[in-house]
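As a plain string of letters, each chain reads:
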Amino acid sequence: MSRQDYDERRRFDLTPEPRFDDLDDGRAAAAASGGRRRFVAQLHRATARHVDLRLEHRGTLLSWAVPKGPTLAPGARRLAVRTEDHPLAYAWFEGVIPSGYGAGDVIVWDDGWWQPVDEDGRAVETDTADSADLLVDAMLADGRLRFVVHGRKLAGRFTLVRTRDDQWLLLHGKDDAAVPGWEPDSPMRSVLSGRSNDEVRGGAPARWAAPTDDELTALDELGAAGPWQIGDRTLELTKLDKVLVPGRDDTPPTTKRDLIRHYATMAPALAPYLAGRPVNLNRFPDGSGHGGFWQRSVPQGAPDWIRRWTDPVRHRGRYHTHVVFDGAASLAWAASIACVEIHPWTSLAVAPDEPTWVYFDIDPGPDTTWDEVLVLARLYRTALEHLGLEGGAKVTGGSGIHVWVPVEPRLTFEQTRTFAGTVSRTVGGVVPDLVSWKWHRSDRRGRARLDDTQNARHKTLVAPFSVRPSPGAPVAVPIRWDELDDEHLASDGWTVHTVGARLAEVGDPLAPLTTRQQPLPDM
Ligand code: MN
């Protein structure tokens with residue numbers, strides 16, 4: 001049931017499933033994250049439909065396939081077949097396994113954390129303490145694993161009892177979490193992306209629900225502070241009337257309440273860009289006029305239900321545990337801590353070294369006019385047409401334009417960066433007077449830079465529908481290619497106050513591309 005079994009059963013050139021990380025690094029990262037043992041339940045429609053129950057232990061995921069699925073019904077016995085240990089990254093995997101072992105589709109139906117339960121019935125505080133590891137080892141050897149699950153759907157005390165060989169029985173205890181006659185949601189949906197297995201198979205983008213009108217009214221009617229119920233979460237909100245972004249011209253200032261409303265209501269539009277991705281948050285607790293800071297690790301005091309991913313690779317000398325958004329409540333929480341700007345990674349938590357997007361950042365210099373930015377953006381459009389690649393553009397809410405191209409899985413950042421560099425030098429070669437290749441802004445003689453170095457593991461780009469920390473609270477907005485020829489187009493023309501109407505009218509032309517998997521052409 002080892003790592004070798006996992007590797008031998010899979011063809012990694014065919015399956016999108018993750019490989020094992022370097023184990024030592026993964027364990028050190030898990031320890032750095034606070035040491036909670038991850039629990040995950042994945043609905044896997046293979047030859048036979050089943051739920052895979054996985055429990056983190058010693059840097060891997062112990063795994064059982066449960067044909068009838070786990071249940072909260074007390075006393076029900078469910079067959080659970082022990083399968084090979086899976087890499088920790090598997091906890092983030094949903095997708096289609098095309099052929100071979102496990103061929104079918106997978107969603108992350110539930111996740112959370114778990115604790116082993118000792119002989120006296122006490123749940124052991126889960127850290128990476130050796131005693132907890134040894135207790136789990138002993139229970140596995142005895143064929144009787146007692147544990148408590150803290151999930152979104154599954155909760156309470158379970159026991160796994162081995163009957164013979166790899167066959168175990170899974171039982172739920174008679175505790176407060178037990179529900180006689182319990183049935184799962186139908187259809188069963190992902191806690192990460194909101195999708196059913198059919199939607200994952202069909203390549204549908206992630207879907208998150210917007211807050212209800214009643215919830216938004218309650219937010220408006222809340223005074224300066226108080227509890228706000230959104231979905232099944234309650235946020236303790238403070239300083240709701242504090243201005244976080246100043247106004248401009250006839251655009252009013254943006255308060256914390258406005259920012260919370262923006263991010264909560266934009267949840268359905270943000271889902272395709274944020275689901276399953278680590279993010280970096282740009283926070284301005286004293287307002288955007290007073291400078292902000294980049295939050296990479298989940299801040300102290302964040303609610304337990306904020307979903308977290310620990311990067312198994314150190315960045316600038318330390319491990320970071322990033323927020324991974326999963327819907328309107330988590331976005332509203334970020335706004336409540338004065339996160340003005342959201343930057344997702346270009347890779348997913350399940351495969352942080354594999355970008356799903358190539359992007360081109362048209363970064364204007366002080367002497368670059370808006371018309372020249374448009375000239376450059378049109379050249380990228382032409383280049384992509386010539387290459388037979390689909391891509392899309394967004395105005396950044398600042399002064400530039402970003403061009404996004406979705407790519408197939410299993411490319412490296414070196415490949416996407418090389419591709420981006422080749423295309424950008426071709427574009428720049430057409431209009432050499434507009435472009436500088438110098439790194440430092442002061443060396444560019446006022447000209448634009450076409451930045452391809454951003455296609456790298458720890459680099460991020462502002463999300464579509466993210467607010468920017470400049471007066472008027474402009475918003476990054478995806479556009480249709482033909483809008484590059486619209487004389488009214490501006491990079492910062494839409495704000496938190498107007499983007500809702502824009503979305504209702506035009507929709508998001510980039511959203512359908514978010515699940516496209518394009519190979520990069522040979523160049
Ligand atoms: Mn399975």
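On a predicted model such as this, the values are computed, not experimentally measured, just so you know.

J.: I keep staring at the packing of aromatic side chains and nothing clicks. Help me out?
T.: The description of two aromatic rings rests on the distance between their centres and on the angle between their planes. For the structure shown, the criterion picks out 14 aromatic pairs. Between Y6 and F12, the ring centres sit 6.2 Å apart and the planes meet at 35°, which makes this aromatic pair tilted. F12 sits in the buried class, given a relative accessible area of 13%. With a centroid separation of 6.2 Å and an interplanar angle of 90°, the aromatic rings of Y6 and Y90 are classed as edge-to-face. Residue Y6 is located in helix α1 (residues 3-8), and its partner Y90 is located in the loop between β4 (77-87) and β5 (95-97); the two are separated by 84 residues in the primary sequence. Given the relative accessible area of 0%, Y6 is considered buried. On the accessibility criterion, Y90 (2% relative accessible area) is buried. The rings of Y6, F12, F20, Y90 and F93 are connected pair by pair, giving a single aromatic cluster. Above the ring of Y6, the side-chain terminus of R10 is found at 3.9 Å from the ring centroid. Between R82 and the ring centre of W64, over which it is positioned, the NZ or CZ distance is 5.2 Å.

J.: What am I meant to see in the pairing of strand β14 (residues 279-283) here?
T.: Within β14, 5 of the 5 residues are buried, leaving the element largely enclosed by the surrounding structure. The two faces of β14 match: V279, L281 and R283 on one face and N280 and N282 on the other face are all buried. Of the strand pairs in this sheet, β14 and strand β18 (residues 339-344) are connected by 5 bridges, and their pairing is antiparallel. Across the sheet, the residue bridging to V279 is P344, located in β18.

Here is what the cut-offs are and how they apply
- Every chain is numbered independently, its residues counted from 1 as its sequence is written.
- At least 70 in pLDDT is required for a residue's local features to be given in this predicted model, at least 80 for side-chain atom pairs to be given and counted, and no such filter applies to totals for whole chains, interfaces and linings, which use all residues.
- Computation of side-chain values covers all heavy atoms of the structure but excludes hydrogens and water.
- Note on aromatic pairs: the rings of Phe, Tyr and Trp (six-membered ring only in Trp) are paired at centre separations within 6.5 Å, and the planes decide the class, stacked below 30 degrees, edge-to-face beyond 60, tilted for the rest.
- Each residue gets one of three labels from its accessible area relative to the maximum for its type: buried under 20%, exposed over 50%, partly exposed in between, using a 1.4 Å probe on protein chains only.
- Counting from the N terminus, the helices are DSSP H or I runs at least four residues long and the strands are E runs at least two residues long.
- Working rule: Lys NZ or Arg CZ, within 6 Å of ring centre, within 35 degrees of ring normal, means a charge sits over the ring.
- Only strands joined by at least two bridges in the DSSP assignment are considered to pair.

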